[in-house]
Amino acid sequence: MQRRALKVLLAAPRGFCAGVDRAIQIVELALAKFGAPVYVRHEIVHNRYVVESLKAKGAVFVEELDEIPDTTQPVIFSAHGVPKSVPRAAKSRNMFAIDATCPLVFKVHTEATRHFAEGRKILLIGHAGHPEVEGTTGQLPPGAVTLIESAAHAETIAPEDVSRLAYVTQTTLSVDDTAEIVAILKRRFPEIVGPHKEDICYATTNRQAAVKAIAGKVDLTIVVGAPNSSNSLRLVEVAERSGCPKAILIQRAAEIPWNLLDSASAVGVTAGASAPETLVDEVLDALAQRFDIAVEQVTTANERIAFNVPRELREPAEA
């Protein structure tokens, strides 16, 4: 039986960013240098496949430090960043803590801390409950940070002193949504101080731009990522807003809803910043089993960014 032709537009950049790559390296290097177990607070990155792979190598994932027994083994903080109370608690128990916070998230922490020291009230654009938001908020005393989740919220917020305001953002937001919120804040509070360079990270921006480039040319966009991954969810939204009739988020190829491809002649494929390329390959293989696919990569940027791992993992183990 002859298979129907299907064009596949593969967005690039896609998948792992430098911060995710560094965080995974940190866990793997810690396991190689210190042996199992290595404890990790929260998912190191938002991807079940990655987490399960690291578990198989000896990583033990916990939600809070009190789940970890007294140990001299490494305790790693996730790429999303942690409140200051977490390293403080680790120090009080003499834990060997290694911080895998993405350097671009750490930059936001530094900005928020500086604004607070200069007497400003901080408005944080982000999503309630996200670990990155909790980490940024937790850099400062209670009440120092106000979360802004939407343009409507930005229109109604009423700070006590509009002359002493600053804003920072979560790194994985929709570029367009955030620009709208920032524009409202600047219109309402002309003296508000923002970051020297925008907080939304290069990888989030690049992946959204790549999806925009293919969205209007395909009948369906498949985003490979986790349902708790902010940047992956934003890719689904961006695809549909940019002209794609339908966009879906899947974790693995087994989740592809084949009925959505019944009349499709072209499909877009991308992956969130915490999804490994092997899962993209899995999706392409699944498509190739059912269709005569022609894959075309659409590249909108080339990424060459890499971040160093912490010094304690670069140094050789003592003999």
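The subject of this paragraph is the packing of aromatic side chains. By the definition in use, this model includes 2 aromatic pairs. Pairing Phe34 with Phe96 gives two aromatic rings, centres 5.2 Å apart and planes at 85 degrees, and the pair type is edge-to-face. You can see Phe34 sitting in helix α1 (residues 18-34) and its partner Phe96 sitting in strand β5 (residues 96-99), a full 62 residues away along the chain. By relative accessible area, Phe96 is classed as partly exposed at 26%.

Our next topic: helix α4 (residues 103-117). With 15 residues, α4 extends 21 Å between its outermost C-alpha atoms, agreeing within 8% with the 21 Å of an ideal straight helix rising 1.5 Å per residue. Here α4 has its buried residues at Val105, Val108, His109, Glu111, Ala112 and His115. Looking down the long axis of α4, one finds its buried residues gathered within 160 degrees of arc, a one-sided arrangement. Among the structural elements, β6 (121-125), α5 (131-137) and β8 (165-169) are those in contact with the buried residues of α4.

Residues Val27, Ile44, Val45, Leu54 and Ile76 are the most contacted members of the largest nonpolar core, which totals 28 residues. Looking at this core, the elements with two or more residues in it are α1, β2 (38-41), α2 (48-57), β3 (59-62) and α8 (202-215). Apart from residues no more than four positions distant in its own chain, Val27 is found in contact with Val40, Ile44, Leu54, Ala59 and Ile76. Residues Ile222, Ile248, Ala271 and Val280 belong to the second largest nonpolar core, which totals 23 residues.

Reading across from one edge, β10-β9-β11-β1-β12 is the order of the 5 strands in this open sheet, with parallel pairing throughout. In this open sheet, the two strands that pair with only one neighbour each are β10 (247-250) and β12 (292-299). Sheet twist, expressed as the mean angle between neighbouring strand axes with direction ignored, is 25 degrees. As paired elements, strand β1 (residues 5-12) and strand β11 (residues 266-271) share 4 bridges and run parallel to each other.

Moving on, we come to the side chain of Thr169. Among the secondary structure elements, Thr169 is positioned in strand β8. The exposure class assigned to Thr169 is buried, which follows from its relative accessible area of 4%. Discounting chain neighbours no more than four positions away, the residues touching Thr169 are Val108, Leu124, Ile125, Glu132, Thr178, Asp199 and Ile200.

Below, the discussion takes up the pattern of salt bridges. Applying the stated criterion across every chain yields a total of 16 salt bridges. The residue Arg252 makes a salt bridge to Glu282 at a minimum N-O spacing of 2.7 Å. Of this pair, Arg252 sits in the loop between β10 and β11 while Glu282 sits in helix α10 (residues 277-290), and the two are 30 residues apart along the sequence. With a relative accessible area of 34%, Arg252 lands in the partly exposed category. One continuous salt-bridge network, built from bridges that share partners, spans Lys107, Glu111 and Asp199.

This part takes up the sheet that holds β6. Pairing in this open sheet of 3 strands is parallel, and the strands run β7-β6-β8 from one edge to the other. The sheet terminates laterally at β7 (145-148) and β8, the two strands that pair on one side only. Taken over all neighbouring pairs, the strand axes of this sheet differ in orientation by 30 degrees on average, direction set aside. Where β6 lies against β8, 5 bridges are found, and the strand directions are parallel. Across the sheet, Leu124 pairs through a bridge with Val168, a residue of β8. Of the strands in this sheet, β6 and β8 are in contact with α4, which crosses β8 at around 170 degrees. The sheet contacts of helix α7 (residues 175-188) involve β6, β7 and β8, and relative to β6 the element is tilted by about 155 degrees.

Turning to the packing of α8 against helix α9 (residues 230-241), a few remarks are in order. As a packed pair, α8 and α9 sit with axes 9 Å apart at the nearest point and diverge in direction by 30 degrees. In this view, α8 runs roughly parallel relative to α9, as classed from their interaxial angle. Handedness of the α8/α9 crossing: right-handed. On α9, the residues touching Thr204, Arg207, Gln208, Val211, Lys212 and Ala215 of α8 are Asn231, Arg234, Leu235, Val238 and Ala239. Considering only residue class, the contact of α8 with α9 consists of 5 nonpolar, 3 polar and 3 charged.

Let us look at unusual backbone geometry. With an omega dihedral of 5 degrees, the bond running from Ala12 to Pro13 counts as a cis peptide bond. Cis geometry marks the peptide bond from Ala36 to Pro37, where omega comes out at 0 degrees. Following the sequence through the fold, Pro37 ends up in the loop between α1 and β2. For His42, which is not glycine, the phi torsion reads 70 degrees and is therefore positive. Following the sequence through the fold, His42 ends up in the loop between β2 and α2. A relative accessible area of 16% means that His42 is categorised as buried. At Asn94, a residue that is not glycine, the phi angle is positive and equals roughly 55 degrees. Tracing the chain through its elements places Asn94 in the loop between α3 (85-92) and β5.

What counts and what doesn't
Residues numbered from 1 in each chain as written. Predicted model: local features only at pLDDT ≥ 70, side-chain atom pairs only at ≥ 80, totals over all residues. Heavy atoms only, no water. Phe/Tyr/Trp six-rings, centres within 6.5 Å; stacked < 30°, edge-to-face > 60°. Helix = DSSP H or I, 4+ residues; strand = E, 2+ residues; numbered from the N terminus. Buried < 20%, exposed > 50% of the residue type's maximum accessible area, 1.4 Å probe, protein only. Expected span 1.5 Å × (residues − 1). Arc of directions from axis to C-beta. Contact = heavy atoms within 4.5 Å. Core = buried A, V, L, I, M, F, W, Y, C linked by side-chain atoms within 4.5 Å. Pairing = 2+ DSSP bridges. Axes fitted to C-alpha atoms, helices over the stretch in contact; angles between N-to-C directions. Salt bridge = Lys/Arg side-chain N within 4 Å of Asp/Glu carboxyl O. Parallel < 35°, antiparallel > 145°, perpendicular 65-115°, else oblique. Left-handed = near helix turned anticlockwise from the far one by under 90°. Nonpolar A, V, L, I, M, F, W, Y, C, P; charged D, E, K, R; others polar.

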